[in-house]
Structure formats: C-alpha cells, structure tokens
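# Observations on the three-dimensional arrangement
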Amino acid sequence: ETIGGAKADRAALNKLADVLAAKRREVKAQYLAPYENFERQCKEVEGMIAAASKAIDAQVKEFEGVEKERKRGTIIEIYQSIAGELVAMVPPAAVWNSKWLNKTYSIDAIRMELEATVQRIHESMETIRQSCGQDAPACLDVYLNEGLNLSAAIRKHQQLEHIRQQEAARPVAPEQLAGLQGRRPLHHLLPSRAQQKPLTRLNCTWTSAFTTPTKQF
C-alpha cells in the first residue's frame, strides 16, 4: 500500500506541474502579446528612420565630395600660380597632401605650405646644378622622379663619379686610346681617292756625268 500511495502522489504532483507550466505559458503569452506588437511597430519605425538617415547621409557625402573637389581645384590653381614653369616638371600630385581637403585645413595655411614647398624645390634643384657638374641632368631626373629626394640625387652623382674613377684607373689599350680621348684617327687627314691627283713617274737616263730625269705621263 505504501508503494502504491507513493506512485499516486507522484502522478498527482506531475499533473500539477503540467498544469502550472501550461498556465505559466498562457499568462506569458498574454503579457507578451502587447510587447510583441510594440516590438514589431518599433522595428518598422526603426527601419523607416534608418532609410531616411541613409538617404541624408548619401546627400551629405555627395555635398562633401563636391566641396572637396572644389577645394582641390582651388589648391591646384594656387600651386600653379606659385610654381609657374615648375609645374611642367613637378605636377600637383608630386607635392599633394591629402590632409589639405579636410575642412580644418584653411586655404591660407595651404598657400603658405605650397610657397615653402616650391622654394625648397628650387633650392634643391639649384644645389644639384651646382654640386653635380656634368651629372646634373641625370641627378635632376632622379630628384624629379623619386619623390623630390635630394639625397637620392646626390647619391646618383656619387655613383657616377665612382664609375668614372674606376674607368680612369683601368688600363686602356693603345687602339682604344684615341676613341676614349675623343680623337679621330689620323687617316681622316688623307684625301679620298676622288681627291687624289695622278702621280708623276720619273725615269732616269744614266750618263757618265749625271743622271737626267725625264717625265712620263
């Protein structure tokens, strides 16, 4: 009887647990229904807000892009007016600073930087002309094509000078000497076949006293 009563109690408790669980789910659904409806409405409104924000953001970026391009054009005009003929060798892209397009960068500040940059370029090019001698054209080419790097240009001059010193120290064959010294062979002084005159042949007749030459042509 004890075991039978225990099983009956267990079944009653399990049934009661099932009833409570069902009631909990029912009450939860009743309470969540308004929330779920509210959540759905909120998500709809949030989507509308996001779409409107995205459209405004696109307009703002488009406007900012137009402003940046306008500022870019102004900066290029300023550089061209300052650099003059230098623009042909050093285009705006070679001195460009991407930060210039920021709103916090004023045109006056940019103008001052460009003036200083152009002055530095002129000074560097003059240094190359004065210091690199016959290598100046090659060194200027390095300077203009390697980021306006004066050190690279000077290194180029040093490399070329070193090569010349090595060539000067190398023994030179006699047949190469005229070419290395820039001299033309001596045979260029001889007249061509067309310019040569016929040679006069002399025949000599011997006598007892002296020889009398007679010309034959």
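What counts, and at which threshold
- Per-chain numbering applies: the sequence of each chain, read as written, is numbered from 1 onward.
- Per-residue local features are limited, in this predicted model, to residues with pLDDT of at least 70; the limit for side-chain atom pairs, both in listing and counting, is 80 or more; totals at the level of whole chains, interfaces and linings are taken over all residues.
- The basis for the side-chain values is all heavy atoms of the structure; hydrogens and waters are excluded.
- For helices the rule is a DSSP run of H or I covering at least 4 residues; for strands it is a run of E covering at least 2, with both sets numbered from the N terminus onward.
- Contacts: residue pairs with any heavy atoms within 4.5 Å of one another.
- Areas reported as accessible are Shrake-Rupley estimates using a 1.4 Å probe. Residue values count occlusion only from the protein chains shown.
- Note on ring pairs: Phe, Tyr and Trp rings are taken, using the six-membered ring of Trp, and paired if centres are within 6.5 Å. Classes follow the plane angle, with under 30 degrees stacked, over 60 edge-to-face and the rest tilted.
- Under the scheme applied here, a residue whose accessible area is under 20% of the maximum for its type counts as buried, over 50% as exposed, and between as partly exposed, the area being computed with a 1.4 Å probe on protein chains only.
- His is not counted, nor are the chain ends; Lys and Arg add positive charge and Asp and Glu add negative charge.
- Each reported salt bridge corresponds to a side-chain nitrogen of Lys or Arg within 4 Å of a carboxyl oxygen of Asp or Glu.
- A cavity here means a set of 1 Å grid points, computed over protein atoms only, where a 1.4 Å probe fits but cannot escape. A pocket is an open set with protein on both sides within 12 Å along at least 5 of 7 lines, and lining residues have an atom within 4 Å of a point.
- Grid points are joined across faces, edges and corners, and a volume is the space filled by probe spheres set on the points.
- Residues are grouped as follows: Ala, Val, Leu, Ile, Met, Phe, Trp, Tyr, Cys and Pro are nonpolar; Asp, Glu, Lys and Arg are charged; all remaining types, including Gly, are polar.
- Helix span, as expected, comes to 1.5 Å for every residue beyond the first.
- Take the buried residues of types Ala, Val, Leu, Ile, Met, Phe, Trp, Tyr and Cys, join any two whose side-chain atoms come within 4.5 Å, and each joined set is a nonpolar core.
- Only residues whose relative accessible area exceeds 30% and that take part in no salt bridge are eligible for patches, with like-charged residues grouped when within 9 Å of each other and nonpolar side chains (Val, Leu, Ile, Met, Phe, Trp, Tyr) grouped when within 5 Å.

### Brief notes about the overall build of the protein
Scanning the protein for helices and strands turns up 6 helices and 2 strands. Listing every helix and strand of the protein by position from the N terminus yields α-α-α-α-α-α-β-β. Intrachain contacts of the protein at a sequence separation of at least 6 include 44% that bridge at least 24 residues. When the accessible area of the protein is evaluated, it comes to approximately 17,600 Å², of which 57% is carbon and sulfur surface.

### Quick look at the packing of aromatic side chains
Scanning the model with the defined rule gives 1 aromatic pair in all. Seen from their ring centres, W96 and W100 are 5.5 Å apart, and the 75° between their planes marks the pair as edge-to-face.

### Re the side chain of K71
Examined against the element boundaries, K71 turns out to sit in helix α1 (residues 2-83). Buried within the structure, K71 lacks any salt-bridge partner; its nearest side chain of opposite charge belongs to E67, at an N-O separation of 8.9 Å. Here K71 is in contact with W100, L101, N102, K103, Y105, I107 and I110, once residues within four sequence places are set aside.

### Here we look at the layout of surface pockets
Roughly 170 Å³ of volume is contained in the largest pocket. What lines the largest pocket is E64, E67, K68, K71, L101, N102 and K103. Of the residues contributing to the lining of the largest pocket, the split by class is 1 nonpolar, 1 polar and 5 charged.

### Digging into helix α3 (residues 107-131)
The end-to-end C-alpha distance of α3, which contains 25 residues, comes to 36 Å, matching closely the 36 Å that a straight helix rising 1.5 Å per residue would cover. Along α3, the residues classified as buried are I110, L114, T117, V118, I121, S124, M125 and I128. Contacts from the buried residues of α3 go to α1, α2 (92-95), α4 (136-145) and α5 (150-169). One or two steps after α3, the chain reaches G133, where phi turns positive at roughly 55°.

### Details of the nonpolar core
Counting 22 residues, the largest nonpolar core has L114 and I121 as its most contacted members. At the level of elements, α1, α3 and α4 are the ones that each hand at least two residues to this core. Per-element accounting of this core gives the leading share, 6 residues, to α3. If we skip the residues at most four places from it in the chain, I121 touches L86, V90, V95, Y143 and L148.

### Considerations on the pattern of salt bridges
A side chain of one charge can pair with a side chain of the opposite charge when the charged atoms of the two come close. Under the defined criterion, the tally for this structure stands at 8 salt bridges. Linking E69 and R72 is a salt bridge whose minimum nitrogen-to-oxygen distance equals 3.4 Å. In this pair, E69 and R72 both sit in helix α1, 3 residues apart, roughly one turn of the helix. A network of salt bridges, in which partner residues are shared, links D135, E161 and R164.

### Structural notes on a nonpolar patch on the surface
Among the surface-exposed residues, L13, L16 and L20 lie close enough to one another that they form a single nonpolar patch of about 320 Å² accessible area. Mapping L13 onto the fold places it in helix α1.

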